[in-house]
Amino acid sequence: MYSKHLDALLTFIGRSSSSRRPKLAVVIVAALLIVASLPAPVTQANYNDNPPLQTGFPVMLAGAPVALSSPTLADLDGDNKLEIIVGGSGVTESGALSCDGWVYAYKSTGALYWQTQVRAPVNASPTVADLNKDGKPEVIVGLGGDASRSTCWHGGVVVLHGQDGAGWSKGSPVWLFDTQDWLDHRQDGWKDGVIASPAVGDITGDGWPEVVFGAWDQCIYALDRNGNPIWGNLPGVLPQVYCGGHGYYNEDTIWSSPSLADVNGDRVLEIITGADITQGNMYGDPSGGYVYILNGQGIMLAQTWLDQRVYSSPAVADIDNDQQYEIVVGTGTHLPGTGYYVTAYEIDLNRPTPRERLIVKWRSATNGRVFMSPAIGDMNSDGSADVVITSAIGDYGTAGSEAFAWNGKTGQQLFRTRSCTFMGQSMNTQSSPVLADIDGDNKLEVLYGHGWEVTILNHDGTYYTDYSSPDYPGAPFDPACTRTTAPSTTKTYYAKWLITSSPAVGDLDGNGKLEVVAAGGYDYNNPTRGGIHVWTGQANGARPWPMFHRDAAHTGTALLPPHQSVVPVPLLALHEAGVPQNVQVSVLLKNLGDGSFQWTASAPNGVTVSPASGTVLTESLVMVTIPSSQYSNEGTYNLGNIVFQATCPTGCTIINGTANVPVTLRVANEISRTYLPAAMRR
């Protein structure tokens, strides 16, 4: 039967070559390799409360079961409904994995919107962004990130048209970027793979988005919207060309998907990514991994070393309500017996050297290596963000996996829950969690792929979905999954085959109900084919982390809320008695957070504000006018408060949304002014 021993088939395997740099490999044994081990459950009826499927789903894919590519939800055709975009490997007529791959886009109805065959398997999650600002989004996909078999493809990144346009058809290529052939510090004839999901954002401040990703050729790349590299040869160990002369050379592979965030307040995005490193490197570090911050010019702003590879993709968010970003990241799965933790870092770019600028805020233990990536959301409704992640038990997850949540401020554990299926099995998972309120109780649920199901936990780590059900004969198969607390529902999001990537949550069809989307295999009768499963009818609640790496652009960042700041406070105006001109002073409205806010001003009698309303992205200057004729006598006059009210058109929370500025007029018989010289260099 579908027994607890299945977990051994979902095992990370470290594979080394004989060259100076090991080939770091995560191998997920594909579902098609375990058909003999997986007969159908005794009876479908035992899955006693499967939520309703969205009409048209599941759909069978043209290629193999989806492995690590997580579905991305985005509106590709401008109809205000979300398409499902995911990638996978090709499959031969005999059912074997082929050397090519597929990128799929499906409508909310289950109809195929387009599918494109690409030159390599796809394990990265597709990224969606409008690169050229023509109102027609593109789909950006990493190619070749498959270490489960011998390479027979060229890696790289391909950009596909999201919809039809003048001179092109949807799903057709826009441009293709080639990586280098340098995986083990030697050439094997194949351009190296990209398992990282590209991130898209403006990292140069020119108003145009760039595409950022790391690759197995040991390089981090930043490309402009047309696919042209924007960097030169960075940084280089010896006076020779690395990364084709146009990338940041790390000296070891990159699995981690980058995040993009403005961590220094200059309104331009920086790059935050994990990476691998092996002893004998230019920095003199032992084998392990790095967390980097790079700016848009490819200059390293910060770097810290960990004792394990960093395959985990960093999440960036304000987790302690200080209106500053922190970085949270797991580890990897290459070095044995280490990396059993998740780390939150403070950022201080004012420290003298890059190695000093990432400061451990907290480091919390897990019970195994942490390939997966964190999700950020307020799990306990205390107004502060928390950290959620899934983790293997031990090095390989042969004993199963767990889900953890920690308080973002302190790292204190909120819950630790054993992953268990309906039948009471605990298996390894490669699925990073997503967070959404799917039952309308204003509290977040945790969703991730586990076995043949999407496991869902409540905000406190108890089970929302059914687990170790007494309705299933012989449950639990794993004693560690013995029920201690009954689940809050009897629902089972059962996909009939393995789900190893992250699910996604969104209102696909705009009907006010959320759908849960998962990609994996189609079913146990078609074990060599991939499938997309969609369950409908969930409540339309908050979705702070609804898909892998949070959003369709895969920025991995929970943006800071808009933050209204008014300078100066209080406002002091000076006026010389007998001078007929009105008094004018300026006020600077600033947004210290992300996004923008709209504002209106109400002034006390006699005081005018111009303009009286507006929108602030970064800062706006406002003139305050006080009529002098009403205040001819020497003295100090308290005129009342100007009230600046900030609102968010999307309904977001604004920090300091109401700002009261006391206005004081001081009238004197004589006012002297001193002007300081200014020197400018041209």
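The model shown is predicted, which means the values in this text are computed figures rather than measured ones.

> Quick question: what am I supposed to make of the overall build of the chain here?
Assigned secondary structure in the chain consists of zero helices and 42 strands. Rg of the C-alpha trace for the chain: 28 Å, near the compact-globule value of 26 Å for 682 residues, within the 12% margin. Taken along its principal axes, the extent of the C-alpha atoms in the chain is 100 × 60 × 55 Å. Burial status across the chain gives 59% buried among its 682 residues. Within the chain, counting contacts between residues at least 6 apart in sequence, those at least 24 apart form 61% of the total. Measuring between centres, the 39 positive side-chain charges of the chain sit 3 Å from its 62 negative side-chain charges.

> How do you make sense of the sheet that holds strand β30 (residues 493-494) when you look at a structure like this?
Hydrogen bonds along the backbone pair up the strands of a sheet, which may run parallel or antiparallel. Sheet architecture is open: four strands sit in the order β27-β28-β29-β30, paired in antiparallel fashion. Only two strands of the sheet have a single neighbouring strand rather than two, namely β27 (434-436) and β30. Judged from the two bridges that link them, strand β29 (residues 453-457) and β30 form a sheet pairing that is antiparallel. Residue pairing for β30: Val-454 is matched across the bridge by Tyr-493.

> What's the story with the domain arrangement of the chain in this structure? I'm lost.
A common measure of how large an interface is: the accessible area buried when the components associate. The assigned domain composition of the chain is domain 1 (59-545) and domain 2 (564-668). Just the C-alpha atoms count here: the centres of domain 1 and domain 2 sit 46 Å apart.

> Is there a simple way to think about the sheet that holds strand β21 (residues 341-347) in this case?
On the basis of which strands lie adjacent, the open sheet formed by four strands has the order β19-β20-β21-β22 and antiparallel pairing. Taken across any chain shown, the strands that pair with only one partner, and hence form the sheet edges, are β19 (315-317) and β22 (358-365). The sheet shows a mean angle of 20° between the axes of neighbouring strands, direction not considered. Here β21 runs beside β22; their pairing, made up of seven bridges, is antiparallel. Bridge assignment links Ala-344 to a residue of β22, and that residue is Trp-362.

> Can you walk me through the confidence of the model for the chain in this structure?
Interpreting fine coordinate detail is not advised for predicted regions of low pLDDT. Looking at the chain as a whole, the pLDDT averages 91, with 92% of positions reaching at least 70. Low pLDDT, under 50, characterises residues 1-45; the predicted model gives this stretch 132 contacts beyond four residues in sequence or across chains.

> Help me understand the state of the cysteines in this model?
Put plainly, a disulfide is one covalent bond tying together the sulfur atoms of two cysteines. Applying the stated criterion across every chain, the model contains four disulfides. Linked covalently through their sulfurs, Cys-99 and Cys-152 form a disulfide whose S-S length is 1.9 Å. Here Cys-99 and Cys-152 share a disulfide; its torsion about the S-S bond, -105°, makes the bridge left-handed. Of the two residues, Cys-99 is situated in strand β4 (residues 97-106) and Cys-152 in the loop between β7 (138-143) and β8 (156-161); the sequence distance between them amounts to 53 residues. Each disulfide pairs two cysteine sulfurs, and for Cys-420 the partner residue is Cys-481, the sulfurs being separated by 2.1 Å. Residues Cys-420 and Cys-481 are joined through a disulfide that is left-handed, its torsion about the S-S bond being -90°. Pair noted here: Cys-420 is in the loop between β26 (413-418) and β27 and Cys-481 is in the loop between β29 and β30, with a separation of 61 residues, a long-range link. For the pair Cys-420 and Cys-481, a shared accessibility class is recorded, and that class is buried. Taking only the cysteines that form disulfides and numbering them from first to last, the chain has the pattern 1-2, 3-4, 5-6, 7-8.

> Hey, could you run me through the packing of aromatic side chains in this one?
The description of two aromatic rings rests on the distance between their centres and on the angle between their planes. The tally for this structure, following the rule as stated, stands at 22 aromatic pairs. Ring centres of Tyr-242 and Tyr-249 lie 4.1 Å apart, and the angle between their planes is 20°; this geometry places the pair in the stacked category. Accessibility classification places Tyr-242 together with Tyr-249 in one group, the buried group. For the pair Tyr-463 and Tyr-467, a centre-to-centre distance of 4.1 Å together with 20° between the ring planes defines the contact as stacked.

> Any chance you could explain empty space enclosed by the protein here in plain terms?
Remark: the empty space left among the atoms is shown by a probe the size of a water molecule rolled over them. Throughout the structure, instances matching the rule amount to four cavities of 30 Å³ or more. For the second largest cavity, the calculated volume is near 230 Å³. Around the second largest cavity, the lining comprises 21 residues; the ones closest to its centre are Leu-68, Ile-195, Ser-313, Phe-371 and Phe-548.

> How should the pattern of salt bridges be read in this particular structure?
Pairs can form between side chains of opposite charge whenever their charged atoms are close. Counting across every chain of the model gives 16 salt bridges. The salt bridge partner of Arg-186 is Asp-184, with a shortest N-O separation of 3.7 Å. One salt bridge in this structure joins Arg-355 and Asp-285, with 2.3 Å as the shortest N-O distance. With Arg-355 in the loop between β21 and β22 and Asp-285 in the loop between β16 (270-277) and β17 (288-294), this residue pair connects regions lying 70 residues apart in the sequence.

> How should the environment of Ile-438 be read in this particular structure?
If you trace the backbone, Ile-438 turns up in the loop between β27 and β28 (445-450). In sequence terms Ile-438 and Ala-539 are 101 residues apart; their C-alpha atoms lie 4.9 Å from each other. Discounting residues that sit within four places of it in the chain, Ile-438 has contacts with Glu-445, Ile-456, Tyr-464, Tyr-493, Val-505, Leu-514, Gln-538 and Ala-539.

> Help me out: how do you make sense of the nonpolar core in this one?
If you look at soluble globular proteins, the nonpolar side chains tend to sit buried side by side. Membership of the largest hydrophobic core comes to 40 residues, with the highest contact counts inside it found for Ile-319, Ile-376, Leu-435 and Val-446. Residue assignment for this core shows that the elements contributing at least two residues are β19, β21, β23 (375-377), β24 (386-392), β25 (401-407) and β28. For this core, the element with the most residues is β25, which contributes four residues. Those residues within four positions of Ile-376 in sequence are excluded, and the remaining contacts are Ala-315, Ala-317, Ile-319, Val-328, Ala-385, Asp-386, Val-387, Leu-435, Pro-544 and Trp-545. If you look at the next biggest cluster of nonpolar residues, it comprises 28 residues, including Leu-571, Val-585, Leu-639 and Ala-646.

> How should the layout of surface pockets be read in this particular structure?
Taken as a whole, the largest pocket encloses approximately 1,000 Å³ of empty space. Class assignment of the residues belonging to the lining of the largest pocket gives a composition of 15 nonpolar, eleven polar and six charged. Domain assignment of the residues forming the lining of the largest pocket places at least three in each of domain 1 (59-545) and domain 2 (564-668). When its volume is computed, the second largest pocket comes out at roughly 500 Å³. Lining the second largest pocket are 18 residues, with Leu-269, Thr-555, Leu-559, Asp-594 and Gly-595 positioned closest to its centre. Of all elements in the fold, only β10 (199-201) and β15 (259-261) reach the threshold of two or more residues within the lining of the second largest pocket. Grouping the amino acids of the lining of the second largest pocket by side-chain chemistry returns eight nonpolar, five polar and five charged. Both of domain 1 (59-545) and domain 2 (564-668) provide at least three residues apiece to the lining of the second largest pocket.

> Teacher, can you tell me more about the side chain of Asn-591 here?
Mapped onto the secondary structure, Asn-591 falls in strand β36 (residues 583-591). You can call Asn-591 buried: its relative accessible area is 5%. One polar contact links the side chain of Asn-591 to the main-chain carbonyl oxygen of Asp-594, over a distance of 3.5 Å. Setting aside residues no more than four positions away along its own chain, Asn-591 makes contact with Arg-267, Pro-562, His-563, Ser-596, Phe-597, Val-616, Leu-617 and Thr-618.

The rules behind the values
Residues numbered from 1 in each chain as written. Predicted model: local features only at pLDDT ≥ 70, side-chain atom pairs only at ≥ 80, totals over all residues. Heavy atoms only, no water. Helix = DSSP H or I, 4+ residues; strand = E, 2+ residues; numbered from the N terminus. Rg over C-alpha atoms; globule rule 2.2 N^0.38 Å. Buried < 20%, exposed > 50% of the residue type's maximum accessible area, 1.4 Å probe, protein only. Contact = heavy atoms within 4.5 Å. Lys, Arg positive; Asp, Glu negative; His and termini not counted. Charge placed at Lys NZ, Arg CZ, Asp CG, Glu CD. Pairing = 2+ DSSP bridges. Domains from an automatic or database assignment. Axes fitted to C-alpha atoms, helices over the stretch in contact; angles between N-to-C directions. pLDDT = per-residue confidence, 0-100. Disulfide = S-S within 2.5 Å. Phe/Tyr/Trp six-rings, centres within 6.5 Å; stacked < 30°, edge-to-face > 60°. 1 Å grid on protein atoms, 1.4 Å probe; cavity = no way out; pocket = protein on both sides within 12 Å on 5 of 7 lines; lining within 4 Å. Points joined across faces, edges and corners; volume = space filled by probe spheres on them. Salt bridge = Lys/Arg side-chain N within 4 Å of Asp/Glu carboxyl O. Core = buried A, V, L, I, M, F, W, Y, C linked by side-chain atoms within 4.5 Å. Nonpolar A, V, L, I, M, F, W, Y, C, P; charged D, E, K, R; others polar. Polar contact = N/O pair within 3.5 Å; in protein donor to acceptor, adjacent residues only side chain to side chain.

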